[in-house]
Amino acid sequence: VGSAGNDNESTKNYPAAYTGVISVASTNINDVKSNFSNYGEWVKISAPGSNILSTIPYGGYAYFDGTSMASPLVAGLIGLMKSVNPNMPNSDLINCLYSTCQSILFQNPTIPGQLGAGRINAEAALACVAATINRAPIADFTASATSVVETTSITFTDRSYYAPTTWEWSFPGGTPNSFSGKIPPAIVYNTPGTYNVSLAVINANGNNTKTVTNMIKVNAKPSCV
C-alpha cells in the first residue's frame with residue numbers, strides 16, 4: 001500500500017505507482033478529492049486523508065493532512081480483512097477491497113476514473129471476506145449511554161461480525177422493548193431500574209446471542225424542593 005502523493009497532479013508517483021502496489025488517493029469528509037491529493041488512472045483506491053487525528057511524539061495528538069494519512073487506513077483495513085480469513089488468497093482479498101468501495105464519481109465529476117475503485121468501505125469489505133468462509137456470526141453492540149435519568153432515550157449500535165443476516169434485539173424496561181433489524185430506533189427508558197440488553201444474530205452458518213446483564217441503569221429524576 002503506497003501514498004499517491006500530495007502535489008495535486010496526475011503524474012505517477014513512486015513507489016505507489018509500481019505494479020503490485022495499491023496506490024491511495026486522499027478524500028475529505030464529503031468524499032471529494034482532497035485539494036492536495038494526486039490522482040490519475042494509476043491510482044487504485046481512495047481513503048480519508050484530510051484532517052486526520054494522529055499521534056505525535058511524547059504522548060500528544062495532532063491533526064494532519066496527506067495521502068500518508070489515507071494509505072494507513074487502507075493498510076489497516078486489509079489487515080482487518082486478513083484477520084477474518086487468514087487463508088484467503090491475496091488476489092481475492094484485494095478483489096473484496098476494490099469491489100466493496102463506495103463510488104465517489106458524483107462528488108468528483110471532473111476526474112472520472114482517476115480516484116481508483118472509490119472510497120474504502122470497511123463494513124462492506126469485511127462482509128465480503130466473511131462471506132467466503134463458513135462461520136456463524138458473533139453478536140456485539142454498543143450503547144450511546146449506560147446510565148441515564150428516566151424518560152431518556154438511548155441509541156444502540158450493532159457491532160456484530162461474520163456477516164449476520166438477521167438481528168433480534170431485546171430491551172427489557174425500554175420502549176420499544178424489542179426490535180427486528182440491524183438498526184434499532186432510540187430506546188426510551190421511563191422507569192428507574194437496572195436493565196439487561198440482548199442481541200441475537202443469525203446467518204446461514206449459525207447463530208449467536210450476546211446479553212449484557214445490568215447494562216442500562218435508569219435513575220429517577222431529581223425531585224424539586
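Owing to the predicted nature of the structure, the values given are computational and were not obtained by experimental measurement.

Conventions adopted
- Residues numbered from 1 in each chain as written.
- Predicted model: local features only at pLDDT ≥ 70, side-chain atom pairs only at ≥ 80, totals over all residues.
- Heavy atoms only, no water.
- Pairing = 2+ DSSP bridges.
- Helix = DSSP H or I, 4+ residues; strand = E, 2+ residues; numbered from the N terminus.
- Phe/Tyr/Trp six-rings, centres within 6.5 Å; stacked < 30°, edge-to-face > 60°.
- Buried < 20%, exposed > 50% of the residue type's maximum accessible area, 1.4 Å probe, protein only.
- Lys NZ or Arg CZ within 6 Å of the ring centre and 35° of its normal.
- Contact = heavy atoms within 4.5 Å.
- Axes fitted to C-alpha atoms, helices over the stretch in contact; angles between N-to-C directions.
- Arc of directions from axis to C-beta.
- Core = buried A, V, L, I, M, F, W, Y, C linked by side-chain atoms within 4.5 Å.

1. As for the sheet that holds strand 13 (residues 187-189)
Piece 1. Pairing is antiparallel in the open sheet, where 3 strands are placed in the order 8-13-11. Taken across any chain shown, the strands that pair with only one partner, and hence form the sheet edges, are strand 8 (152-154) and strand 11 (174-175).
Piece 2. In terms of strand pairing, strand 8 meets strand 13 through 3 bridges, oriented antiparallel. Bridging across to strand 13, Ile154 finds its partner in Ile187.

2. Description of the packing of aromatic side chains
Piece 1. Counting across every chain of the model gives 6 aromatic pairs.
Piece 2. Summarising the aromatic geometry, the rings of Phe156 and Trp169 are spaced 6.4 Å apart at their centres and angled 50 degrees between planes, so their arrangement reads as tilted. In this pair, Phe156 sits in strand 9 (residues 156-158) while Trp169 sits in strand 10 (residues 166-170), placing the two residues 13 residues apart along the sequence. Accessibility classification places Phe156 together with Trp169 in one group, the buried group.
Piece 3. Ring centres of Phe156 and Phe171 lie 4.8 Å apart, and the angle between their planes is 40 degrees; this geometry places the pair in the tilted category. Of this pair, Phe156 sits in strand 9 while Phe171 sits in the loop between strand 10 and strand 11, and the two are 15 residues apart along the sequence. Of the two residues examined, Phe156 and Phe171, each falls in the buried class.
Piece 4. Here Lys210 stacks its cationic end above the ring of Phe141, 5.3 Å away from the centre of that ring.

3. Details of the environment of Val24
Piece 1. Structurally, Val24 can be placed in strand 2 (residues 23-27).
Piece 2. A sequence separation of 156 residues divides Val24 from Ser180, and the C-alpha atoms of the two residues are 38 Å apart.
Piece 3. Ignoring sequence-local partners within four residues, the contact set of Val24 consists of Val1, Gly2, Ser3, Ala4, Ile45, Ser46, Ala47, Thr67, Ala70, Ser71 and Val74.

4. Quick look at the sheet that holds strand 2
Piece 1. Read across the sheet, 3 strands follow the order 1-2-3 without closing on themselves; strand pairing throughout is parallel. Two strands lie at the open edges of the sheet, namely strand 1 (2-3) and strand 3 (45-48), each paired on one side alone.
Piece 2. Across the sheet, helix 1 (residues 67-84) lies against strand 1, strand 2 and strand 3, angled at about 115 degrees from strand 2, the strand it touches most.

5. Overview of helix 2 (residues 90-99)
Piece 1. Leu93, Cys96 and Leu97 are the residues of helix 2 that are buried. Taken around the axis of helix 2, the buried residues stretch over an arc of 100 degrees, which confines them to a single face.
Piece 2. Residues of helix 2 that are buried in the fold lie against strand 3, helix 1 and helix 3 (122-130).

6. A word on the nonpolar core
Piece 1. Residues Ile45, Val74, Met81 and Leu97 are the most contacted members of the largest nonpolar core, which totals 21 residues.
Piece 2. Those elements giving two or more residues to this core turn out to be strand 3, helix 1, helix 2 and helix 3.
Piece 3. For this core, the leading source of residues is helix 1, giving 6 residues.
Piece 4. Setting aside chain neighbours within four positions, we find Val74 in contact with Val1, Ile22, Val24, Ile45, Ala47, Leu97 and Ile120.
Piece 5. In terms of nonpolar packing, the next biggest core, distinct from the first, is built from 17 residues, Val148, Trp169, Phe171 and Tyr189 among them.

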